[in-house]
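Summary of structural features
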Number of protein chains: 2
Amino acid sequence: MFVVHLYCGNIIYTPACGAVAANEHGIVAVEDGRVKGVFDRIPSAYEGAPVTDYGDKIIIPGFCDIHLHAGQLPNMGIGYDCELIDWIGKYAYQVEQSMNALGFAHRCYAKLISDLWLNGITRSVVLGTYYRQTNDLLFQMFMKSGLSAYIGKSVCDRSPTGVADETTENAKQDLLMLADTYKDQKGLVRHILSPTYVPGCTPEIMEFIGHLAQEYDLPVTSHLCENRTEVQEVHRLHPEAPDYASVYREYGLLGQKTTIMAHCIHTTGHEAELLRDCGVYVAHCPHSNLNLSSGVMPLRKYLNMGIRVGLGSDISAGHTLNMMSTMVAAIQGSKMRWMINPQEESVTTREALYLATKGGGSVFGKVGSFEEGYEFDALVIDDGNLYDFTDRTLWERVERFIFRGDDRNIVARYVSGSEVARPQL
Amino acid sequence: MFVVHLYCGNIIYTPACGAVAANEHGIVAVEDGRVKGVFDRIPSAYEGAPVTDYGDKIIIPGFCDIHLHAGQLPNMGIGYDCELIDWIGKYAYQVEQSMNALGFAHRCYAKLISDLWLNGITRSVVLGTYYRQTNDLLFQMFMKSGLSAYIGKSVCDRSPTGVADETTENAKQDLLMLADTYKDQKGLVRHILSPTYVPGCTPEIMEFIGHLAQEYDLPVTSHLCENRTEVQEVHRLHPEAPDYASVYREYGLLGQKTTIMAHCIHTTGHEAELLRDCGVYVAHCPHSNLNLSSGVMPLRKYLNMGIRVGLGSDISAGHTLNMMSTMVAAIQGSKMRWMINPQEESVTTREALYLATKGGGSVFGKVGSFEEGYEFDALVIDDGNLYDFTDRTLWERVERFIFRGDDRNIVARYVSGSEVARPQL
């Protein structure tokens with residue numbers, strides 16, 4: 001009886017940022033959902049083990065989208081002539097409120113999960129809504145889907161405009177209830193604490209969330225330095241803090257537990273050092289940041305500093321769950337920074353593939369690579385329709401897929417060793 | 001007998017840059033391939049005329065791609081870790097040479113034309129290769145396709161690296177032969193003169209082309225100020241000229257006839273004024289310019305100055321023929337410029353739609369709009385799969401299509417009043 005399963009195809013992955021490991025017509029051996037090794041030929045120890053042969057197709061790690069707003073799905077592609085603050089006021093709040101209706105939320109979440117699946121997003125960090133029932137629904141639906149997600153209730157108990165979305169007391173109760181309900185949930189779907197952003201959270205709720213993270217051993221995600229007006233608002237609200245990141249740090253929300261901070265465009269030198277020293281994951285959301293004129297994150301600077309970075313769609317300030325498009329936007333944005341400052345070398349396509357897989361995957365543990373011990377999250381890529389009448393190396397085929405591919409090229413998805421069928425929710 | 005045909009659907013077009021005209025459940029009346037008018041209800045004069053009813057679908061003008069290299073199709077999505085000059089050396093020349101084989105060129109051109117059709121590019125400005133037979137083939141294939149194109153032979157009789165691709169004499173003969181062969185071709189497919197760029201053309205051939213343009217009444221297209229190294233090279237080669245654009249002007253290649261100049265990133269104030277004063281069309285190729293780290297064109301500045309601008313895919317330095325993606329890149333690039341210089345207001349989605357239709361369409365005459373007298377080039381958009389559980393205005397549906405749509409949403413294409421089926425070449 002073999003517990004090992006073998007997958008054959010053109011195997012490619014990025015063990016480090018900028019490095020590519022490739023086995024043309026190679027074999028990944030998987031046992032108990034984890035990679036045992038990648039080989040050029042079937043090792044004698046595994047002869048006779050069951051084989052799934054993907055022929056000349058390409059097998060890459062699954063994509064990890066480490067920042068998206070489930071409740072904003074309906075706004076994808078709408079209203080980008082606005083800047084962030086206007087856009088939130090004009091589009092985001094309205095849809096968020098509709099999400100209080102379970103039927104509406106169910107339809108949206110079913111579409112979201114189906115679209116994640118379609119786009120090969122095997123893992124994601126998902127911000128929910130302010131509403132208890134809707135968040136419960138989101139957990140339940142992800143658990144049925146076979147995809148992996150860290151899910152958090154949005155918290156917003158103060159508002160710069162004077163209209164808070166929820167009371168501090170309600171927020172506390174909801175957070176506690178979620179923490180209790182999902183405290184034993186250590187599988188593919190887990191709970192993450194997600195205060196919206198400093199201007200949207202009272203010191204009381206931030207302190208509460210910091211304690212909750214410790215007590216329940218929970219990761220944390222939020223937004224940092226997305227927009228210049230937002231940064232000014234933090235200075236106004238927290239004159240006692242040296243900077244925005246330090247407010248999170250003060251309340252136990254920056255690196256005390258696994259932390260993902262989205263955007264991080266307008267950070268100071270001190271904040272960047274904090275991100276590095278606290279081991280924070282930066283969710284780089286290039287489409288979102290361009291769509292809402294927020295800025296272009298200093299990606300090369302962060303990579304050079306050794307800051308951990310993954311990619312986020314940030315739907316629906318981002319307009320697409322197509323991770324290849326997000327990779328291209330990250331590359332193009334970094335090229336733009338290089339043009340302004342030639343010391344900031346642009347990122348390569350290899351590096352972008354790392355960010356989309358192992359970079360963000362590390363949030364979830366050993367995820368995003370085919371090194372030994374990694375969970376087997378994989379996509380099978382059929383690039384047949386991208387032919388160009390020219391013999392291409394395996395890496396050129398991957399480049400071409402990244403720049404020109406879409407969901408039609410993804411023909412199978414695996415999460416932690418299991419193939420995931422299109423979710424029927 | 002009615003010579004008028006009526007098309008019903010949600011009609012939307014951009015009569016001016018930034019303006020949108022819309023008729024929900026409206027009617028376009030078309031006679032002899034040209035728009036007679038757009039109406040909310042069938043006018044009594046047209047009662048009984050044949051109707052094609054597209055129901056709740058959206059009807060927009062066809063897309064115009066005013067800069068692409070037919071011979072570079074195989075390189076789409078390949079090698080963008082290089083800058084322009086390196087990329088040309090490493091990727092472009094090799095494929096260009098393969099195009100000398102007719103069989104290879106036929107396969108590539110069949111795919112190109114099919115992909116243009118798929119992406120709703122009803123009109124394009126197409127640069128061919130250096131090779132006589134291959135250029136003839138390109139003309140013949142476009143003429144069969146039902147799509148419209150201006151097609152030019154690439155000319156490169158000097159090379160900064162010392163390796164010229166062709167002799168001046170051969171280039172002259174080929175240009176003359178094409179001019180003679182297609183001189184009566186005044187329909188959808190026409191001849192355009194296309195010297196590659198100043199560093200690639202001797203003064204002798206530039207002068208020859210300038211005269212040919214006058215003698216045969218031909219439009220001209222080339223590249224201008226794409227890359228900083230290229231601009232320096234022009235200064236080195238033409239110390240007598242005040243700037244790059246003035247070299248073209250001197251040889252009769254800038255505005256003496258209809259002229260399209262691609263890129264125009266690193267222009268001086270004087271060059272921008274020349275572009276305006278000579279009525280030159282700028283082909284803005286945002287993906288290409290980002291992919292090869294060339295820069296971000298000052299789109300707002302040009303629009304404010306009244307310079308004519310259209311969009312180009314510039315395959316294969318650009319990676320896609322998806323015009324919506326090109327529009328998004330133009331918008332995002334202009335937002336990036338706004339972030340650096342708040343006086344350069346970013347372009348809106350409406351303006352991007354104008355650039356992709358009437359902006360570039362004007363190269364071809366009355367093309368790219370549904371105003372009276374315009375050729376009926378149209379796309380029928382089925383945005384059913386982009387539903388978001390929310391009532392959307394017609395304009396929001398168009399925005400959503402631009403940011404999230406792809407070829408699957410384009411269900412019919414018309415060129416000059418005729419529906420075009422997928423070309424079988």
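Residues numbered from 1 in each chain as written. Chains lettered and ligands numbered in written order. Predicted model: local features only at pLDDT ≥ 70, side-chain atom pairs only at ≥ 80, totals over all residues. Heavy atoms only, no water.

Describing the overall build of chain A
Which entries qualify depends on this criterion: Helix numbering and strand numbering both begin at the N terminus, where a helix is a DSSP run of H or I of at least 4 residues and a strand a DSSP run of E of at least 2. Note that the radius of gyration is over C-alpha atoms, with the globule rule given as 2.2 Å times the number of residues to the power 0.38. Summary of the burial criterion: residues with accessible area below 20% of their type's maximum are buried, those above 50% are exposed, and those between are partly exposed, where the area comes from a 1.4 Å probe applied to protein chains only. Only heavy atoms matter for contacts: two residues are in contact if any of them lie within 4.5 Å across the pair.
Along chain A, the regular secondary structure elements total 13 helices and 17 strands. Computed over C-alpha atoms, the radius of gyration of chain A comes to 21 Å, within 12% of the 22 Å expected from 2.2 N^0.38 for 425 residues, which places it in the range of a compact globule. Judged by the C-alpha coordinates and their principal axes, chain A covers about 65 × 50 × 35 Å. When each of the 425 residues of chain A is scored for burial, the buried share is 66%. Within chain A, counting contacts between residues at least 6 apart in sequence, those at least 24 apart form 75% of the total.

Examining the confidence of the model for chain A
Note the following rule: By definition, pLDDT measures how confident the predictor is in each residue, and it falls between 0 and 100.
Mean pLDDT over chain A works out to 96, with 98% of the residues at or above the 70 mark. The ipTM, which scores confidence in the relative placement of chains, is 0.96 for this predicted complex, and the corresponding pTM is 0.97.

Quick word on the side chain of A:His238
Residue and element names in this part refer to chain A. Looking at the element boundaries, His238 is found in the loop between helix H6 (228-237) and helix H7 (244-250). The exposure class of His238 is buried, given its relative accessible area of 3%. Residue contacts for His238: discarding those within four places in its chain leaves Arg158, Val198, Pro203, Met206, Val247 and Tyr251.

Observations concerning helix H13 (residues 394-404) of chain B
Of all 11 residues in H13(B), 11 are buried; the element is thus mostly enclosed. All buried positions along H13(B) are accounted for by B:Leu394, B:Trp395, B:Glu396, B:Arg397, B:Val398, B:Glu399, B:Arg400, B:Phe401, B:Ile402, B:Phe403 and B:Arg404.

Some details on the pairing of strand S16 (residues 410-415) of chain B
Residues and elements named next belong to chain B. The condition that has to hold: Strands qualify as paired when DSSP identifies two bridges or more between them.
In terms of burial, S16 is largely enclosed, as 5 of its 6 residues are buried. Sheet analysis places strand S15 (residues 378-381) next to S16, joined by 4 bridges and oriented antiparallel. Bridge assignment links Val380 to a residue of S16, and that residue is Ala412. With 2 bridges joining them, S16 and strand S17 (residues 418-419) adopt antiparallel strand pairing. If you follow Val415 over to S17, its bridge partner there is Ser418. Following S16, the chain reverses through 2 residues before pairing antiparallel with S17; Ser416 in that reversal takes a positive phi of roughly 50°.

As for the sheet that holds S16(B)
With mixed pairing, the 7 strands of this open sheet are ordered in space as S3-S2-S1-S4-S15-S16-S17 (chain B). Strands with a single pairing partner mark the edges of an open sheet, and in this sheet they are strand S3 (34-39) and S17 of chain B.

What about the packing of aromatic side chains?
We apply this condition: What counts as a ring pair is set by centres within 6.5 Å for rings of Phe, Tyr and Trp (its six-membered ring), and what kind of pair is set by the plane angle: stacked under 30 degrees, edge-to-face over 60, tilted for all other angles. Charge over a ring is defined by NZ of Lys or CZ of Arg lying within 6 Å of the ring centre and within 35 degrees of the ring normal.
Applying the stated rule across the entire model yields 28 aromatic pairs over all chains. Pairing A:Tyr80 with A:Trp87 gives two aromatic rings, centres 6.4 Å apart and planes at 35°, and the pair type is tilted. We note that A:Tyr80, like A:Trp87, is buried. Considering the side-chain rings of B:Tyr7 and B:Tyr414, the 5.0 Å spacing of their centres and the 70° angle between planes classify their relative orientation as edge-to-face. Separated by 407 residues along the polypeptide, B:Tyr7 in strand S1 (residues 4-13) and B:Tyr414 in strand S16 bring together distant segments of the chain. Using a relative accessible area of 6% as the deciding quantity, one classes B:Tyr7 as buried. Among the aromatic residues, those joined into a ring-pair cluster are A:Tyr7, A:Tyr13, A:Phe370, A:Phe376 and A:Tyr414. Its end group placed over the ring of B:Trp395, B:Arg350 keeps NZ or CZ at 4.8 Å from the ring centre.

Concerning the state of the cysteines
Each disulfide is one covalent bond, formed between the sulfur atoms of two cysteines. Residue and element names in this part refer to chain B. For clarity, the cut-off: In this description, the term disulfide denotes a pair of cysteine sulfurs within 2.5 Å.
Summed over all chains, the structure comprises 0 disulfides over all chains. We note that Cys108 lacks a disulfide partner, and the nearest cysteine sulfur, in Cys156, lies 20 Å from it. Between Cys225, a cysteine without a disulfide, and Cys264, which holds the nearest cysteine sulfur, the sulfur-to-sulfur distance is 6.7 Å. Owing to a relative accessible area of 0%, Cys225 belongs among the buried residues under this scheme.

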